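# Examining the three-dimensional arrangement
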Amino acid sequence: MSTALLEHRDDAGAKIGMWLFLLTELLLFGGLFVLYSVYRFRHPGEFHDGAMELNLILGSVNTLILLTSSFTMVLSIAFLRLVKRGASLLALAMTILLGLLFLVNKYFEWSAKINHGIFPNSPELLARSHGEILFFGLYYVMTGLHGLHVVIGVLLLSIVMVWMVRGKITPDRDIFLENAGLYWHLIDLIWIYLFPLFYLIT
Amino acid sequence: MSPMQNSYLTQSGTRRGLLAWVLSTDHKRIGLLYLVSVLSFYTVGVLLGLLMRLELLTPGKTIVQASTYNAFFTLHGVIMIFLFVIPAIPAIFGNFFLPILIGAKDVAFPRLNLLSWYFYIGGAILVVTALFAGGGPPDTGWTFYVPYSLRSGTNVSLAVFAAFILGFSSILTGLNFVTTIHRMRAPGMRWMKMPLFVWSLYATAWVQILATPIVGITLLLVILERLFGVGLFDPAKGGDPILFEHLFWIYSHPAVYIMILPAMGIITEIIPVFARRTIFGYKAIAYSSIAIAALGSLVWGHHMFVSGQSYTANVIFSLLTFLVAIPSAIKVFNWVATLYKGAIDTAPPFLFALAFIFLFSIGGLTGLIQGALSVNVYVHDTYFVVGHFHYVMFGGTGFAFFGGLHYWFPKMFGRMYSKGRATVALLILFVGFNMLYFSMFLLGLQGMPRRYYDYLPEFHTGHVVATVGSWVLVAGLILMFANLLHALRKGEKAEDNPWGGKTLEWRIASPPPPENFEEVPVITSGAYDYGAR
Ligand SMILES: [Cu+2]
């Protein structure tokens, strides 16, 4: 392989690729949103009852955490452009920490529900109406898949951070950081829809 | 050493032997990796099909138990669809020729491209594991319909996960191609100057990106249902199996266009070269690819006419199904119009293209028959459907794939095969194909249901003809591949442009040099400039 090929670099292309990937992520969740709409339409009352049982405070705190993490993500990119590497790294570390905090919070929320006997296929849940089984089924699947994305996002940001420390990401070569940021914002965006659908619309 | 003698096949890098292939990010080498792996699984799929036909030679048990037969048709479907028809043309010829056709050195993301191949191999290994592991091979059919797929004790989860991984591979290839076409075209390669194979790959790539995630989440849900019993598709818990069918076909109908659009692209490359004539209706063909991709995503409900979905939905889906036939018909019209007054060279690639037009037209028109609501009720889930999609998928995509193989073989390997033997092989294939699948139309109209292990005596004649046809078909396949394999070692050296093509791949050496072009080509003329006749 020639050096010319190794040095081939197209930031705009890399960004197009990332946006296309985000589109596939949206569609992946799209399938679940379709299921949610249909089942909600069929069981409005039970979905209302289900939402009343979720912990609004934990949900709101997690929303706040993710929104703040999106802000620190933007800060990280902005600082890098201003050639303030230390500040950029700090903001990135904050983002990762907030992501972890979100997961911890989610862990407590889920375990509380599981301790109450509410989880897929549990006798407690199966004794309830179809609408509530579906509501909690969707709750676990959708927030679970979202949580998995947060885990992947945290890993991705950690890799980016290592690259930044090693000097692989620099102010004029920031496409990795930018693309990782786009992915993080998507995770945030999906939560922005999940939060009202499960916690607020009661 | 002059660059003419240095080809991508012999290039010396830092790695040697097999590693120089499985770690290569060169799009041409990745194309060959796909060629070898896709054809290996194609062989397995053909063998399974052959065994199914053998079983159906007589009513009752011929060679295997009913449960084994169920595993046969499931794996035949999964392997043929996910491991052969979907990746065949984009992953093999798309990888190999897309960059060359637009005058680029490689695809936009070469390493991602290699990763896609590893996903493909990973998925394929899972499929093979599903064959032999604990619960036994899956028996649900390739559609994995709930609720049976939730209850079956066989390795459904493994097979479904394999399909999920293969979907990932397909998405990444699509994403790579869209970016490549937007960013890597050589100077002067404007959109309306691109070879039409590139247009068809572009439309295909969009379908891969937009439709595949839907089946991804659907398959994931099947796995979650089997593991945790969530209940989203389980009627006992309030779930609706019809929603599974919707989500499944939202992908799986557009997937049909992932399979057929690149095939149409190959035919569009072959026809003008062997008719020595400018393609008729360039823009119509280019836009019809996009139209097929767009309209094709709105017709999935025609698989569900008897599922109990609303009558209004049935009428709308039926109407849209009729509409989607129009852009396909535009292409057929343009191919035939290109032939008119052409100076035709009846070389094997051209004969394959003709066979494609004939078989695909039958497949397409029988599709319309099923798109009509009342007729659909009659032929639904019969051999008529099986005949229809084999005419489209095998007679269409399969024959176009073979045509592409014969068209580009001299370019890819720098050797020419025996044209006489290739023509004989095509004739045998064509006869066997029609014996095998046309009898299915008749069997279907007689009322033979698909996926049945046993049948009534009145269907016997049809089944015998089909089974004998399958032997003829396989004889043709063996002759065709033997001819190509022989040429690989002993074939005459091919010229750089044996067919007189005008697209960029014919301007470089056979086989192509590692970097494709010595200098960046500047495009000044169209892809099919044979002059008016
Ligand atoms: Cu369809």
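Below: a short report on this structure. Just so you know, these numbers come straight off a predicted model, no measurement behind them.

For the rest of this paragraph, the subject is the overall build of chain B. The number of helices and strands found in chain B is 15 helices and two strands. Expected size for 533 residues packed as a compact globule is a radius of gyration near 24 Å; at 23 Å, chain B falls within 12% of this value. Counting only C-alpha atoms, chain B reaches 70 × 50 × 45 Å along its principal axes. Among the 533 residues that make up chain B, the fraction classed as buried is 63%. Summarising the internal contacts of chain B: among those between residues at least 6 apart in sequence, 82% fall at separations of at least 24.

Summed over the entire model, instances satisfying the criterion amount to 70 aromatic pairs over all chains. Each ring, one from Trp110 of chain A and one from Tyr140 of chain A, has its centre 4.9 Å from the other, and the planes form 75°; the classification is edge-to-face. Of this pair, Trp110 of chain A sits in helix H5 (residues 85–115) while Tyr140 of chain A sits in helix H7 (residues 130–165); the two residues are 30 residues apart in sequence, bridging distant segments of the chain. The partly exposed category is assigned to Trp110 of chain A, whose relative accessible area is 24%. If you follow Lys168 of chain A out to its NZ or CZ, it ends over the ring of Trp163 of chain A, 4.2 Å from the centre. The cationic tip of Arg29 of chain B hangs over the ring face of Trp21 of chain B; the distance from NZ or CZ to the ring centre is 4.1 Å.

Glancing now at helix H4 (residues 110–132) of chain B. Residue and element names in this part refer to chain B. Relative to the 33 Å expected for 23 residues at 1.5 Å per residue, H4 spans 34 Å between its end C-alpha atoms, a close match to the ideal helical length. The complete set of buried residues in H4 reads Asn113, Leu114, Ser116, Trp117, Tyr120, Gly123, Ala124, Leu126, Val127 and Ala130. On its buried face, H4 is in contact with helix H1 (19–22), helix H2 (27–55), helix H3 (66–101) and helix H6 (156–183).

The next subject is the nonpolar core. The biggest cluster of nonpolar side chains holds 250 residues, and the ones touching the most others in it are Leu35 and Phe198 of chain A together with Tyr42, Phe93, Phe356, Phe401 and Phe402 of chain B. Top contributing element to this core by residue count: H3 of chain B, with 23 residues. Ignoring anything within four residues of it in the chain, the contact list for Phe402 of chain B reads Tyr42, Phe352, Phe394, Leu429, Leu477, Met480 and Phe481 of chain B.

Where like charges cluster on the molecular surface, the positive patch consists of Arg166, Lys168 and Arg173 of chain A together with Arg111 of chain B. Considering the arrangement of structural elements, one finds Arg111 of chain B in helix H4. The class of Arg111 of chain B is exposed, set by a relative accessible area of 70%.

Next up on the list: the interface of chain B and chain A. Tallying the contact residues gives 36 residues for chain B and 33 residues for chain A. Buried area between chain B and chain A, summed over both chains or domains, comes out near 2,900 Å², and the portion from carbon and sulfur atoms is 74%. Between chain B and chain A we count two salt bridges in total. Among the ionic pairs, Arg42 of chain A bridges to Asp240 of chain B, the shortest N-O distance being 2.8 Å. Inspection of the region where chain B meets chain A yields six residue pairs in polar contact (both at pLDDT 80 or more). Of all elements in the fold, only H6, helix H7 (196–228) and helix H8 (241–275) of chain B reach the threshold of two or more residues within the side of chain B that touches chain A. With 11 residues, the top contributor of residues to the side of chain B that touches chain A is H7 of chain B. In the side of chain B that touches chain A, the residues fall into 23 nonpolar, eight polar and five charged.

This part is about the coordination of the copper ion. Residues and elements named next belong to chain B. The copper ion binds to the protein through His253 (ND1), His302 (NE2) and His303 (NE2); the donor distances cover 1.7 to 2.0 Å. Counting the intervening residues between successive donors of the copper ion yields the motif H-x48-H-H. Note that His253 is positioned in helix H8 and His302 in the loop between helix H9 (282–295) and helix H10 (311–339), a separation of 49 residues in sequence. Judged by relative accessible area, His253 falls into the buried class, the value being 5%. The buried category is assigned to His302, whose relative accessible area is 13%.

Residues and elements named next belong to chain B. One can describe the packing of H8 onto helix H11 (residues 348–371) by two numbers: an axis separation of 9 Å at closest approach and a directional angle of 130°. Our classification of the angle between H8 and H11 gives oblique. The two elements H8 and H11 cross, and the hand of that crossing is left-handed. Across the interface between the two elements, Ile260, Ala263, Met264, Ile267, Ile270, Ile271 and Phe274 from H8 touch Pro349, Phe350, Ala353, Phe356, Ile357 and Phe360 from H11. Residues belonging to the contact of H8 with H11 are distributed by class as follows: 13 nonpolar, no polar and no charged.

Turning our eyes to something else, we now look at a nonpolar patch on the surface. All names here are of chain A. Together, Leu26, Leu67, Leu189, Ile192 and Tyr193 make up an exposed nonpolar region whose accessible area comes to about 450 Å². With three residues, helix H8 (residues 175–200) is the single largest residue contributor to the nonpolar patch. Within the fold, Leu67 resides in helix H4 (residues 56–81).

How each quantity is defined
- Residues numbered from 1 in each chain as written.
- Chains lettered and ligands numbered in written order.
- Predicted model: local features only at pLDDT ≥ 70, side-chain atom pairs only at ≥ 80, totals over all residues.
- Heavy atoms only, no water.
- Helix = DSSP H or I, 4+ residues; strand = E, 2+ residues; numbered from the N terminus.
- Rg over C-alpha atoms; globule rule 2.2 N^0.38 Å.
- Buried < 20%, exposed > 50% of the residue type's maximum accessible area, 1.4 Å probe, protein only.
- Contact = heavy atoms within 4.5 Å.
- Phe/Tyr/Trp six-rings, centres within 6.5 Å; stacked < 30°, edge-to-face > 60°.
- Lys NZ or Arg CZ within 6 Å of the ring centre and 35° of its normal.
- Expected span 1.5 Å × (residues − 1).
- Core = buried A, V, L, I, M, F, W, Y, C linked by side-chain atoms within 4.5 Å.
- Patch = residues over 30% accessible without salt bridge, like charges linked within 9 Å, V, L, I, M, F, W, Y side chains within 5 Å.
- Areas by Shrake-Rupley, 256 points an atom, 1.4 Å probe, with all protein chains shown as cover.
- Salt bridge = Lys/Arg side-chain N within 4 Å of Asp/Glu carboxyl O.
- Lys, Arg positive; Asp, Glu negative; His and termini not counted.
- Charge placed at Lys NZ, Arg CZ, Asp CG, Glu CD.
- Buried area = accessible area lost by both parts, 1.4 Å probe.
- Polar contact = N/O pair within 3.5 Å; in protein donor to acceptor, adjacent residues only side chain to side chain.
- Nonpolar A, V, L, I, M, F, W, Y, C, P; charged D, E, K, R; others polar.
- Donors = N, O, S within 2.8 Å, 3.2 Å for Na, K, Ca; no water.
- Axes fitted to C-alpha atoms, helices over the stretch in contact; angles between N-to-C directions.
- Parallel < 35°, antiparallel > 145°, perpendicular 65-115°, else oblique.
- Left-handed = near helix turned anticlockwise from the far one by under 90°.

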